[in-house]
Structures are given as C-alpha cells and as structure tokens.
Amino acid sequence: MIQISQVAAANYHYKRYSLEYFLSSAARLGFRNIELWASGPHFHLDYFSLQDVKNLQQKIKARGLKVICLTPEQYVYPVSISHPDPEYRKHSVEFFRRHIEAASLLECDRVLVTTGIAYLDADETEAWKWCRESLSEISKTAEKEGVYLPVEAFTSFSTHVFNRAEHISKMIKEVGSPYLKGLADTDVMATTGKDTIHDFIKELGDNLNHVHFVDGNPGGHLVPGEGRLDMAEALKALNDIDYKGYLGLELLDRRYILDPEKAMRDSLAWFEKHLS
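All values derive from a computational prediction rather than experimental measurement. (Residues numbered from 1 in each chain as written. Predicted model: local features only at pLDDT ≥ 70, side-chain atom pairs only at ≥ 80, totals over all residues. Heavy atoms only, no water.)

### Re the pairing of strand 4 (residues 149–152)
Taking every second residue as pointing to the same face, both faces of strand 4 are buried, with Leu149 and Val151 on one and Pro150 and Glu152 on the other. Alignment of strand 4 against strand 5 (residues 180–185), held across four bridges, turns out to be parallel. Each residue of the ladder has a partner; that of proline 150, found in strand 5, is lysine 181. After leaving strand 4, the chain enters helix 5 (residues 165–175) and then returns to the sheet as strand 5, a path that is right-handed. (Buried < 20%, exposed > 50% of the residue type's maximum accessible area, 1.4 Å probe, protein only. Helix = DSSP H or I, 4+ residues; strand = E, 2+ residues; numbered from the N terminus. Pairing = 2+ DSSP bridges. Right-handed = clockwise from strand over helix to strand, strands pointing away.)

The structure is reproduced here in structure tokens:
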C-alpha cells in the first residue's frame, strides 16, 4: 500500500519565494521527502560552489527533509543530449555529470534525465544514436556515484523519437546500465495520448524508478483532482504493483505561483482522502 510518506513536495511552483521558504513550507506541511528542481532562482548549479551545496544539504537535513530526486532544468536551457552537434551534446553530458555529483553531496540517489529537443528535420535513427551515446556516457558517472537516472519521455512537441514507455524500455536495454531507469509522468503521457499508466507499468516493470503524479486537462501539471485525468485509477494501478518509489508533485501551472503552499496542502488532502 502506497504511503503518504512516498509523496514528495517539489519547488517548481515556489519560484517567487526563496528556496529556504520552500524547505520550511515542506517541513511545516509534514513532508519528509522533496524533489528538488535545480534551476534559477533557487539552485542554478553554475552559481553554487561545492561548499554552497554542502551548506544547502545542512539546511535540508535540519528541517528533517531528504532530497529523493534532483531534477535539473533541461527543457528551456541549452541542454540536449540528442542534438546533432557533437560539441552541444558534449556540454549537455557534462551538465548532467555535474548534477549527478551535486546529487551525491545532497545524499540523493536520483537525477532526472531527458533527451532534450529533437529536430524534426534530423534523421530519427541518428537522433536515437546520439541520445544513446550520451546516456551511456552519463551512466558511467551515475554508476560511479551510485545515482539512478530515471529518464522521462517528453511529448511530441519536444521529441518524436522518445515519447513513449516502449522508447524508455528500449533505451534502457540498449545502454545496458543498471542505473538507467524509467520515469512515468501522468500528465505527459495523457498529453501524448499513446500510453496509460498501465502501459508504463507493463513496459518498464522493475525499471519504473520515479513517478510525476500530476493532474491535467491534459496539460497543465495540476494538483491531483483539479484536472480531468483519472488520478484515482493511476494511484490504484501503482498500488496494485506495490510501487515502492516516490510520487513527485511537479506542479507547473501558474495558478499556484502566488500561493504555492496551498497547492501543496490541497495535494496532501487529495492523497489523505484516497489513501485512507
């Protein structure tokens, strides 16, 4: 049975408040675990020294919290491991390596990875190869640090070569690293419209390492219960396989920006109702 402790607060929609405010808010609401969005203004790694990361970890631990997934901003930033330019890919791989090392300092054993944007006028076979080669390189650092890499499928608006559960499964097999895993995002899969949570569970099996548990219309990344997705069915599907991972609250809609704590509180209320 999924426990409320498996629900992880996240700072995506807290960006108008300080990172310390988010940490205090998560602790105040009773969360034990957090998914840390690594981006400005909170935690843009380029502006953090080694000691800064260690100091941040002290602040997190002082509030009784644990980082269960580090999620670097990799959609709007110039990061793409499937880019045709080898120099671009090289810098993207280094970007993830640095975040894996930061995750280790934060005592976190997951770093979320995506393929980046895939050009529609690039050869699909080549784009897949570039992505595979990049993930193979990133996985070497992950293995060294003991950090898992849950890789997320994007919608077709970002990539047409990596947007289904079967793509994640195929890539895991081809890379062959025990640290490359899969992520299921309930709103992304609904927006893509080709897979359900049942497909992700069947396709990934034990490689399902992390879940973004968010509602949508589809689209929006909303508090569970505020969209049109069948979140109760998604929770039941995860319960049925005795899912032991975490459910990250990746809330992205701007309606939550001014009062982010209410969105966290409403999310908790939904889980308390459906896990009772």
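Structure's up, so let's keep going.
### With respect to helix 3 (residues 86–105)
Taking 1.5 Å per residue as the helical rise, helix 3 with its 20 residues ought to reach 28 Å, and the 29 Å between its terminal C-alpha atoms agrees with that figure. Turning to helix 3, its buried residues are Arg89, Ser92, Val93, Phe95, Phe96, His99, Ile100, Ala102 and Ala103. Buried residues along helix 3 sit in contact with strand 2 (33–38), helix 2 (50–62), strand 3 (66–72), helix 4 (124–145) and strand 4. The N-cap residue of helix 3 is aspartate 85: its side-chain oxygen and the backbone nitrogen of glutamate 87 are 3.0 Å apart. Looking at the residues trailing helix 3, positive phi occurs at glutamate 107, about 55°. (Expected span 1.5 Å × (residues − 1). Contact = heavy atoms within 4.5 Å. Polar contact = N/O pair within 3.5 Å; in protein donor to acceptor, adjacent residues only side chain to side chain.)

### Thoughts on empty space enclosed by the protein
Across all of its chains, the model carries one cavity of 30 Å³ or more by this definition. Of the pockets and cavities examined, the largest cavity occupies roughly 70 Å³. Together, 13 residues line the largest cavity, and Ala153, Asn163, Val188, Met189 and Phe200 are the ones closest to its centre. Put simply, the parts of the chain that give the lining of the largest cavity at least two residues each are strand 5 and helix 6 (186–192). (1 Å grid on protein atoms, 1.4 Å probe; cavity = no way out; pocket = protein on both sides within 12 Å on 5 of 7 lines; lining within 4 Å. Points joined across faces, edges and corners; volume = space filled by probe spheres on them.)

### Overview of the sheet that holds strand 4
With parallel pairing, the seven strands of this open sheet are ordered in space as 3-2-1-7-6-5-4. Edge positions in the open sheet fall to strand 3 and strand 4, since each of these has one partner strand only. When strand 1 (residues 7–10) meets strand 2, the two strands line up parallel, connected through two bridges. Within strand 2, the position partnered with alanine 10 by the bridge is glutamate 35. Contacting strand 2, strand 3 and strand 4, helix 3 runs over the sheet at an angle of about 170° to strand 3. The strands that helix 7 (residues 197–204) touches are strand 5 and strand 6 (208–212); relative to strand 5, the one it contacts most, it runs at about 170°. (Axes fitted to C-alpha atoms, helices over the stretch in contact; angles between N-to-C directions.)

### So, the packing of helix 8 (residues 231–240) against helix 9 (residues 260–274)
Orientation of helix 8 relative to helix 9, taken along the N-to-C sense of each, is 60°, at an axis distance of 11 Å. In this view, helix 8 runs oblique relative to helix 9, as classed from their interaxial angle. The way helix 8 lies across helix 9 gives a crossing that is right-handed. Touching Met231, Ala232 and Leu235 of helix 8 are Trp270, Phe271 and His274, all from helix 9. (Parallel < 35°, antiparallel > 145°, perpendicular 65-115°, else oblique. Left-handed = near helix turned anticlockwise from the far one by under 90°.)

### So, the environment of glycine 30
Mapping glycine 30 onto the fold places it in the loop between helix 1 (19–28) and strand 2. What makes glycine 30 exposed here is its relative accessible area of 53%.

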